[in-house]
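Descriptive analysis of the structure
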Amino acid sequence: MGREKFHLPRRAFLAGAASLSGTFALSQETGVFDAVEAEASKTALRNISSFRMLDWRPYFDTLKNGAILSDIDSRALHYWSEDESIYKLYPTSVPMTADLTRKGRTKVVRKVVGPSWRPTPEMRKRNPEWPEYVGPGPDNPLGSHALYLSWTYYRIHGTHDTRKIGRRSSNGCIGLYNEQIAELYELTKVGTQVLLI
């Protein structure tokens, strides 16, 4: 006896698929897929589980002048205002490699709208084809705004290349979407404390 073919009309297939997707959505709401999601998160290379609100107290003694925490592993930047009335959480780009990554305490020493950019001597060695100078504008790697840190060559800045956000893609700086660095620029002041972990 041969196998008989099973034929499901297109209309019945679509109705069944819609029914299953509704069941899947309902099951998600009730937590049935939480265990599966948790298991998948262990192996998936993504950032969702790390991108969460944090309290400032484990990282700073005070919020004098406001505080910025940049977490390299979660690729997130946290900002708290001095009076604790404002908390912001932004996705970022982070340094490509460990040797380009600097961690520790610093502060904002200068703020610039429309920054110009010069590659560091080390960048020029690695990329001799890069220009020596790029003025403000849409081709500038620092984007629309920059917060200069007390460490030489280190910045928190915008980027016109939005593909970089959420990735290890910088030569040492912390990058944000231009709209978000503009907001952070307005919230911070010279003297805002910064911690990179």
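The structure we're discussing is the one just above.
Below you will find a few notes about this structure.

Criteria and thresholds
Starting afresh in each chain, residues are numbered from 1 along the sequence in its written order. The model is predicted, so local features are restricted to residues of pLDDT at least 70 and side-chain atom pairs to those at 80 or more, both for listing and for counting; the totals for chains, interfaces and linings are taken over all residues. Side-chain descriptors were evaluated using all non-hydrogen atoms of the structure, hydrogens and water having been removed beforehand. By the convention used here, strands pair only if DSSP detects at least 2 bridges between them. In this description a helix means any DSSP run of H or I spanning at least four residues, a strand means any run of E spanning at least two, and both kinds are numbered starting from the N terminus. Structural elements are reduced to axes, namely lines fitted to C-alpha atoms, with helices fitted over the stretch in contact, and the angle between N-to-C directions of any two is expressed from 0 to 180 degrees. Contacts between residues were defined by any pair of non-hydrogen atoms, one from each residue, lying within 4.5 Å. Burial here depends on accessible area, computed with a 1.4 Å probe over protein chains only, as a share of the maximum for the residue type. Under 20% is buried, over 50% is exposed, and the range in between is partly exposed.

1. Focus: the sheet that holds strand β5 (residues 104-113)
The strand order across the open sheet built from eight strands is β3-β2-β1-β10-β5-β6-β7-β9, with neighbouring strands paired in mixed fashion. The sheet terminates laterally at β3 (87-91) and β9 (174-177), the two strands that pair on one side only. Within the sheet, the average angular offset between the axes of one strand and its neighbour, ignoring direction, is 25 degrees. Two strands pair when backbone bridges link them, and strand β2 (residues 76-80) and β3 are joined in this way by five bridges, in the antiparallel orientation. When the bridges of β3 are listed, L77 appears paired with Y90. Each of β1 (67-71), β2, β3, β5, β6 (145-149), β7 (155-159) and β9 is contacted by helix α4 (residues 178-187), which is oriented at about 105 degrees to β9, the strand it contacts most.

2. Quick look at the pairing of β6
Counting buried residues in β6 gives five out of five residues, a clear majority hidden from the surface. Burial along β6 is two-sided: the residues H145, L147 and L149 and A146 and Y148 are all buried. The pairing of β5 with β6 spans five bridges and is antiparallel. Directly across from R110, in β6, lies its bridge partner Y148. In the sheet, β6 pairs with β7 via three bridges, with the strands oriented antiparallel. Opposite Y148, over in β7, you have R155 as the bridge partner. Where β6 folds back on β7, the antiparallel hairpin that results is connected by five residues, among which Y153 adopts a positive phi of roughly 75 degrees.

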